[in-house]
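Analysis of the macromolecular model
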Amino acid sequence: MRISTNTIFASSTNKMSDLQVGINKTQQQISSGRRVLTPEDDPIGSARALVIQQADSMNEQFATNRKNITNSLSITDGVLGNVTDTLNSIKSLIVKAGGGVLTDSDRASIATELKGNLDHLMGLANSTDGTGGYLFSGYATTTSPFTKTINGADYNGDQGQRYLQVDSARQLPLTMSGDQIFGNIRTAATTFNVQPNPSNIGQGVATATIANASALTGHNYELNFDVTGTQVSVVNKTTGATVLPATPYVSGGTISFDGIDMSITSSPAAPAPGDKFSIQPGNQNIFETLTDLVNALSTPVNTVAGKKDLTAALQQANGNLDKSLNNVLTARGQIGVSLKEVESLDSEGDAKGLAFKQSLSEIQDVDYVKAISDLTQQQFVLQAAQQSFVKTANLSLFSYIN
């Protein structure tokens, strides 16, 4: 086989070029700290690295979500802490208002203080998360949850609860429904809470049902028997208006007003002249309770019956306040459980992140000892190839002819 000069030059040049490419690649690996520069360097390792990188990115996003939910729940818990303090303050005022030596002026002063607490509680219920979203509106985060009305407040939000993905298989509630926290006070097991006045002499039993849901006002009412016990009338306690003038009473008959059908039976005994019955919604919010309490304390008490009315109002308010406090404490307990779980998931997420990065390092990162050793060897081989080429290039008959 004859080897021409062109073959020698081409073969040597290609070999040295390959060696220079290898040196350049090794230098890039050392300078970047990466063993795998392109997928062709390690196809299987590159595929594994892509899967690990995606899992690590998801883990980092979950960590961000956990940070966001921690901030949001911490703000909510702080607000509910203030709500708890306010309700406890109101409870103290209720106890104070029950003192037998207080005058109408003293009770009016307590009512004024309660109005301030009511406004403060309304502000807390309409708190935002600092970015403009309302904490207690459910899904409707751009809608103010409560609007003050003459009989308390109306809830404008919904019953929805937004969730945030905090781990691959776990979601936690990000918001709460204000109706569940500030509302949901069951005053009766039925639609309406109908109670005889403590001053009643008779033993009539009253019930109330919905006649026309669209006509319901959500207000409080009082049914009164006249001095003969033969006529009944109904007053809207929220507005002070008479909604049913004096009407003949029939035992077991229907008494209709504002979408409500009411019936009073003479069992176990007939109602007596002057008897009264209060009618309230079977489910109300804390704002309605406080408004009723303010109205009761603002009403002068000059008779024995009036004192009994006041006592009944204070007992009703105190019971409703306990239920409202229980709602708030339940919500705070749920927040505490969620924050504890987030803390645990953070620890697991940190461990996962460390494992992902370690696995990526094993696949992608360069072994500096091996890389530097390879670079030294490649440089040595290149130098040897260059020197060999120089000597080979001089092997020519013309060199000897000269």
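Scope of this entry: the structure provided in the associated data block. (Residues numbered from 1 in each chain as written. Predicted model: local features only at pLDDT ≥ 70, side-chain atom pairs only at ≥ 80, totals over all residues. Heavy atoms only, no water.)

**Some remarks on the overall build of the protein**
If you tally the helices and strands in the protein, you get eight helices and 14 strands. By sequence separation, contacts in the protein at least 24 residues apart represent 67% of the contacts at least 6 residues apart. For the protein, the accessible surface area stands at approximately 21,600 Å², while carbon and sulfur atoms represent 54% of it. (Helix = DSSP H or I, 4+ residues; strand = E, 2+ residues; numbered from the N terminus. Contact = heavy atoms within 4.5 Å. Areas by Shrake-Rupley, 256 points an atom, 1.4 Å probe, with all protein chains shown as cover.)

**Topic: the sheet that holds strand β12 (residues 260–265)**
One key point about sheets: their strands pair by backbone hydrogen bonds, in either a parallel or an antiparallel sense. In space, the three strands of this open sheet follow the order β7-β12-β11, with antiparallel pairing throughout. Both outer strands of the open sheet, β7 (205–210) and β11 (254–257), are each paired with one neighbouring strand and no more. Neighbouring strand axes in the sheet, compared pairwise and without regard to direction, differ in orientation by 25 degrees on average. Sheet topology places β11 next to β12; four bridges connect them, and they run antiparallel. Across the sheet, residue I255 finds its bridge partner in β12, namely M262. (Pairing = 2+ DSSP bridges. Axes fitted to C-alpha atoms, helices over the stretch in contact; angles between N-to-C directions.)

**Considerations on the pattern of salt bridges**
The full count for this structure, using the stated rule, is 10 salt bridges. A salt bridge links K357 to E60; the shortest N-O distance between them is 3.5 Å. Taken as a pair, K357 in helix α6 (residues 304–364) and E60 in helix α2 (residues 43–97) lie far apart in primary sequence, 297 residues in all. By relative accessible area, K357 is classed as partly exposed at 43%. (Salt bridge = Lys/Arg side-chain N within 4 Å of Asp/Glu carboxyl O. Buried < 20%, exposed > 50% of the residue type's maximum accessible area, 1.4 Å probe, protein only.)

**Description of unusual backbone geometry**
In most cases, non-glycine residues show a negative phi, while peptide bonds are predominantly trans. Here the phi dihedral of N184 falls at roughly 60 degrees; this positive angle occurs in a residue that is not glycine. In the Ramachandran plot, D258 falls in the positive-phi region, its phi being about 45 degrees despite a non-glycine side chain. Of note, D258 is situated in the loop between β11 and β12. Under the relative-accessibility criterion, D258 is labelled partly exposed at 27%.

**Considerations on the sheet that holds strand β8 (residues 221–225)**
Taken in spatial order, the five strands of this open sheet run β6-β13-β8-β9-β10, and their pairing is antiparallel. Either end of the sheet is taken by a strand with one partner, and the two such strands are β6 (192–196) and β10 (242–248). Neighbouring strand axes in the sheet, compared pairwise and without regard to direction, differ in orientation by 15 degrees on average. Judged from the five bridges that link them, β6 and strand β13 (residues 276–281) form a sheet pairing that is antiparallel. Counted as the bridge partner of V194 is I279 from β13.

**Regarding helix α5 (residues 286–298)**
Taking 1.5 Å per residue, 13 residues should reach 18 Å; α5 reaches 18 Å between its end C-alpha atoms and fits that length. Those residues of α5 lying buried are I286, F287, E288, T289, L290, T291, D292, L293, V294, A296 and L297. (Expected span 1.5 Å × (residues − 1).)

**Brief notes about the pairing of strand β4 (residues 170–173)**
Pairing between strand β3 (residues 163–167) and β4: four bridges, direction antiparallel. Bridge pairing links Y163 to P173 in β4. Hairpin geometry of β3 and β4 is characterised by an intervening segment of two residues between the two adjacent antiparallel strands.

**A look at the packing of aromatic side chains**
The full count for this structure, using the stated rule, is eight aromatic pairs. Centroid distance F146 to F182: 5.7 Å. Interplanar angle 80 degrees. Geometry classified as edge-to-face. Here F146 is found in strand β1 (residues 146–149), whereas its partner F182 is found in helix α4 (residues 178–182), with 36 residues between them in sequence. Taken together through their ring pairs, the aromatic side chains of F136, F146, Y155, F182 and F287 make up a single cluster. (Phe/Tyr/Trp six-rings, centres within 6.5 Å; stacked < 30°, edge-to-face > 60°.)

**Some details on the side chain of T238**
Tracing the chain through its elements places T238 in the loop between β9 (231–236) and β10. Residue classification places T238 among the buried positions, given a relative accessible area of 10%. From its side chain, T238 meets the backbone nitrogen of N220 in a polar contact 3.1 Å long. Once residues lying within four places of it in the same chain are set aside, the contact partners of T238 are I150, N151, H219 and N220. (Polar contact = N/O pair within 3.5 Å; in protein donor to acceptor, adjacent residues only side chain to side chain.)

**Points about the side chain of E288**
Of note, E288 is situated in helix α5. Buried and unpaired, E288 has R186 as its nearest opposite-charge partner, separated by 10 Å. Once residues lying within four places of it in the same chain are set aside, the contact partners of E288 are N151, G152 and A153. (Lys, Arg positive; Asp, Glu negative; His and termini not counted.)

**Structural notes on helix α3 (residues 104–125)**
The end-to-end C-alpha separation of α3 is 31 Å, in line with the 32 Å expected for 22 residues at 1.5 Å each. Along α3, the positions that sit buried rather than exposed are R107, I110, A111, L114, N117, L118, L121, M122, L124 and A125. The arc that holds the buried residues of α3, viewed along the axis, is 145 degrees, so those residues lie on one side. Projecting away from the buried face of α3 at angles above 90 degrees are the exposed residues S105 and T112. (Arc of directions from axis to C-beta.)

**Some points on the packing of α3 against α5**
Remark: α3 packs on α5, axes separated minimally by 8 Å, with the N-to-C direction vectors making an angle of 165 degrees. Taken together, the axes of α3 and α5 lie roughly antiparallel to each other. Relative to α5, α3 is oriented so that their crossing is left-handed. The segment α3 lies against α5, with R107, A108, I110, A111, L114, K115, L118, L121, M122 and A125 engaging I286, F287, L290, T291, L293, V294, L297 and S298. Split into classes, the residues belonging to the contact of α3 with α5 amount to 14 nonpolar, two polar and two charged. (Parallel < 35°, antiparallel > 145°, perpendicular 65-115°, else oblique. Left-handed = near helix turned anticlockwise from the far one by under 90°. Nonpolar A, V, L, I, M, F, W, Y, C, P; charged D, E, K, R; others polar.)

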